[in-house]
Amino acid sequence: MAKSRSIFICNECGAESPQYFGRCPVCNSWNSLVEQVQPAKETTARASALGRSRGTSTATKASQPRLAMTLNQIQDHPQARLPSGYGELDRVLGGGIVPGSLVLLGGDPGIGKSTLLLQVANQLAARQRVLYVCAEESGQQVKLRWQRLGPVGAGENERSGGEKAKGKGQRAKKELVEDPEDYEPSGLEAVDSQLFLLPEIDLETILMELESLKPTVAIIDSIQALYYAALTSAPGSVSQVRECTSALMQLAKRANISLFIVGHVTKEGAIAGPKVLEHLVDTVLYFEGDRFASHRLLRSVKNRFGATHELGVFEMVDRGLAEISNPSALFLGNRDEQVPGIATIVACEGTRPLVVELQSLVSPTSYSSPRRSTTGIEYNRLLQILAVLEKRVGIPLSKLDAYVASSGGLAVGEPAADLGVAISVVASFRDRLVDPELVLIGEVGLGGQVRPISQLELRLKEAAKLGFKRAIVPKGQSVKVDGLEIVAVSRVVDAIAHALKGSG
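Residues numbered from 1 in each chain as written. Predicted model: local features only at pLDDT ≥ 70, side-chain atom pairs only at ≥ 80, totals over all residues. Heavy atoms only, no water.

**A look at the sheet that holds strand E1 (residues 5-10)**
Inclusion rule: Pairing between two strands is assigned when DSSP locates at least 2 bridges connecting them. Secondary structure elements follow DSSP: runs of H or I of four or more residues count as helices, runs of E of two or more count as strands, with numbering from the N terminus.
Taking strand neighbours across the sheet as the criterion, the 3 strands line up as E2-E1-E3 in an open arrangement whose pairing is antiparallel. Looking along the sheet, the strands with just one partner apiece sit at the ends: strand E2 (16-17) and strand E3 (33-38). Relative to E3, E1 runs antiparallel, the two sharing 6 bridges. Within E3, the residue paired with Arg5 across the bridge is Gln38.

**What to know about helix H13 (residues 456-465)**
Applicable threshold: Only protein chains enter the calculation, and the probe is 1.4 Å; a residue is then buried if its accessible area is under 20% of its type maximum, exposed if over 50%, and partly exposed in between. This arc describes the spread of directions from the helix axis toward the C-beta atoms. Throughout, a contact is declared for two residues whenever any of their heavy atoms are within 4.5 Å.
Taken together, the buried positions of H13 are occupied by Leu456, Arg459, Leu460, Glu462 and Ala463. Each buried residue of H13 lies within a common arc of 160 degrees when the element is viewed along its axis, so the set occupies one face. The elements touched by buried residues of H13 are strand E13 (342-349), strand E14 (352-364), strand E17 (438-440), strand E20 (470-474) and strand E21 (485-489). Just past H13, the residue Gly467 takes up positive phi, approximately 95 degrees.

**Here we look at the nonpolar core**
The cut-off we apply is this: Residues grouped as a nonpolar core are buried Ala, Val, Leu, Ile, Met, Phe, Trp, Tyr and Cys residues, joined through side-chain atoms within 4.5 Å.
With 46 residues, the main nonpolar core has Leu389 and Ile472 as its most contacted residues. Here the element with the most residues in this core is helix H12 (residues 418-430); it accounts for 7 residues. If we skip the residues at most four places from it in the chain, Leu389 touches Gly394, Ile395, Leu397, Ala422, Val425, Val426, Val492 and Ile496.

**Some points on the pairing of E20**
In terms of burial, E20 is a largely internal element, 5 of the 5 residues being buried. For E17 and E20, the ladder comprises 3 bridges, and the chain directions are parallel. Considered in E20, the bridge of Leu440 is made with Ile472. Note that E20 and E21 share 5 bridges and pair parallel. Considered in E21, the bridge of Arg470 is made with Glu485.

**Regarding the pattern of salt bridges**
Short version of the rule: Salt-bridge detection follows one rule: a side-chain nitrogen of Lys or Arg within 4 Å of a carboxyl oxygen of Asp or Glu.
By the definition in use, this model includes 14 salt bridges. The shortest N-O distance in the salt bridge between Arg381 and Asp418 comes to 2.6 Å. With Arg381 in helix H11 (residues 379-393) and Asp418 in helix H12, the pair connects residues that are 37 residues apart, well separated along the chain. Notably, a salt bridge pairs Glu462 with Lys465, separated by 3.3 Å at the nearest N-O pair. With Glu462 and Lys465 both in helix H13, this residue pair falls 3 residues apart, about one helical turn. Take Lys465: its relative accessible area is 61%, and that puts it in the exposed class. A single salt-bridge network, built from bridges that share partners, covers Lys253, Asp282 and Arg304.

**What about the packing of aromatic side chains?**
Working definition: an aromatic ring pair is given by the centre-to-centre distance plus the angle between the planes. Filter applied, for reference: Within 6.5 Å between ring centres, the rings of Phe, Tyr and Trp (the latter by its six-membered ring) count as paired, and their orientation is classed by plane angle as stacked under 30 degrees, edge-to-face over 60, tilted in between.
Following the criterion strictly, the structure yields 3 aromatic pairs and no others. A ring pair is formed by Phe8 and Tyr20, whose centres lie 5.9 Å apart and whose planes are at 65 degrees; its orientation type is edge-to-face. Of this pair, Phe8 sits in strand E1 while Tyr20 sits in the loop between E2 and E3, and the two are 12 residues apart along the sequence. With relative accessibility at 15%, the residue Phe8 sits in the buried group. Their ring planes at 80 degrees and their centres at 6.2 Å tell us that Phe287 and Phe314 sit as a pair that is edge-to-face. Here Phe314 lies in strand E11 (residues 311-317) and Phe287 lies in strand E9 (residues 283-289), a separation of 27 residues in the sequence. We note that Phe287, like Phe314, is buried. Here the aromatic residues Tyr86, Phe287 and Phe314 are joined through ring pairs into a cluster of three or more.

**Considerations on the sheet that holds strand E10 (residues 295-303)**
How we decide: To obtain an axis, a line is fitted to C-alpha atoms, over the contacting stretch when the element is a helix, and the angle between two such axes runs from 0 to 180 degrees between their N-to-C directions.
Overall, mixed pairing links the 9 strands, which are arranged E6-E5-E7-E8-E4-E9-E10-E11-E12 in an open sheet. Strands at the two margins of the open sheet, each flanked by one partner only, are strand E6 (195-198) and strand E12 (320-323). Adjacent strand axes in the sheet meet at a mean angle of 25 degrees when their direction is disregarded. Note that strand E4 (residues 102-107) and strand E8 (residues 258-263) share 5 bridges and pair parallel. Following the sheet pairing, Leu105 is matched in E8 by Val262. Docked against the sheet, helix H9 (residues 238-255) engages E4, strand E7 (217-221) and E8, running at close to 140 degrees with respect to E4.

**Quick word on the packing of H11 against helix H14 (residues 492-499)**
Going by this rule: Working definition: roughly parallel below 35 degrees, roughly antiparallel above 145 degrees, roughly perpendicular at 65 to 115 degrees, and oblique for all remaining angles. Each residue receives one of three labels: charged for Asp, Glu, Lys and Arg, nonpolar for Ala, Val, Leu, Ile, Met, Phe, Trp, Tyr, Cys and Pro, and polar for the others, Gly being one of them.
At a minimum axis separation of 10 Å, H11 and H14 run at an interaxial angle of 95 degrees. Taken together, the axes of H11 and H14 lie roughly perpendicular to each other. Contact with H11, carried on its side by Leu389, Arg392 and Val393, involves Val492, Val493 and Ile496 of H14 and no other residues of that element. Broken down by class, the residue content of the contact of H11 with H14 amounts to 5 nonpolar, no polar and 1 charged.

**Quick notes on the environment of Ile97**
Relative to the helices and strands, Ile97 resides in the loop between helix H2 (87-93) and E4. Residue Ile97 is classed as buried on the basis of its relative accessible area of 1%. Considering only alpha carbons, one finds Ile97 and Ala80, 17 residues apart in sequence, at a separation of 8.8 Å. In this structure Ile97 touches Arg81, Leu82, Ser84, Leu124, Ser258 and Phe260, once residues within four positions along its chain are discounted.

Now the structure itself:
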């Protein structure tokens with residue numbers, strides 16, 4: 001009889017090893033290997049038959065497909081996307097929820113993942129059947145949060161109580177309808193009848209409920225809390241997360257259920273569990289935010305049905321998450337108060353242009369090595385720009401501290417922000433003002449040149465819409481925009497001369 005054996009699986013990348021290592025040989029992460037006992041594999045009759053079929057010769061038979069089809073043979077089934085009730089979420093998803101899709105939502109603890117999905121479920125339940133699987137909370141706890149967020153069509157009196165009166169009123173309305181099947185509740189009643197709650201961690205029970213209820217949208221909160229009894233490992237382990245996600249994916253595709261899955265993140269910010277988890281799903285969203293700020297950013301890093309790196313902006317208020325329709329106003333400071341070292345750029349997150357204010361401070365250092373600090377800007381990018389300014393422009397920055405921050409702490413990682421960072425640093429060094437009606441767009445090369453960037457016309461239109469009058473852009477990319485004066489430059493020195501011209 002075959003014996004069971006132990007293998008060691010990495011919690012970070014899912015790599016398997018026959019023996020334990022302190023460091024994973026694949027992803028080089030330390031202390032991430034976990035032992036897992038594998039049962040003995042019995043050779044079944046089906047496996048033997050499969051091996052015999054592979055060995056048979058088919059040279060005498062004509063080549064023909066058994067199950068494969070050409071693209072023309074596949075029938076088109078156009079499916080309309082489901083609006084989630086939140087335009088920012090629909091934008092990140094590519095236009096709405098695709099039926100039968102799997103969406104993985106990750107984020108730091110307490111950032112608002114459960115709040116966002118409960119609000120989405122609340123909106124969808126007014127017209128669709130929704131199942132909310134809460135594997136980490138009791139039903140009473142979820143209901144308390146639901147009452148605090150404010151159900152659709154519910155006033156303060158309805159949320160505070162009146163369950164008996166509401167039930168009597170609903171029964172009375174049903175009695176007035178000749179056919180009870182034709183009764184369609186509305187408002188708060190519709191939410192109550194279409195939003196179903198299941199406090200459960202057992203995977204088989206959840207799968208049976210999904211097959212029985214057949215909801216349009218289902219929410220799993222969270223995947224690390226689910227447990228598959230056929231596996232001996234604990235919930236949240238690599239094998240449990242992989243098997244639970246795979247089973248949910250198969251059911252969602254077969255029953256055409258749109259599935260939202262909440263995933264925990266590691267201390268490095270990546271979604272916990274094997275990397276295969278992100279490969280299985282159709283869309284991967286990250287919910288980000290600063291615990292000292294009220295705004296939250298929803299980013300897509302993978303999307304099979306839309307553009308990646310799209311951005312949705314929310315604000316955490318007392319009644320949950322509220323959409324911000326004009327995020328540029330959030331990341332743009334007060335232009336009436338002029339301070340040296342402030343410049344404005346136009347960043348692009350996916351297809352959304354964002355006008356962002358950059359702030360720089362250059363001061364004499366008190367240490368042998370000057371300090372460099374960034375907030376929202378890549379640290380290595382700042383070091384590169386400082387080296388270019390010192391070598392190509394002649395500004396002595398090697399003995400000075402340099403601090404650069406973006407307004408609101410928005411992470412701006414694209415090279416198009418280079419010119420704005422360079423101008424703000426030079427303005428702080430010379431104690432000069434940058435025109436508050438000027439935007440700076442361009443990548444700074446190591447030779448001191450201003451390099452072209454993408455989506456220039458989209459950025460300029462956003463700047464003109466917010467009332468900016470001038471824009472410094474790379475030479476050769478001049479685009480005409482009504483109400484905006486375009487200044488094309490080829491080198492950083494020229495951009496500095498135009499940006500600081502006439503400033504006191």
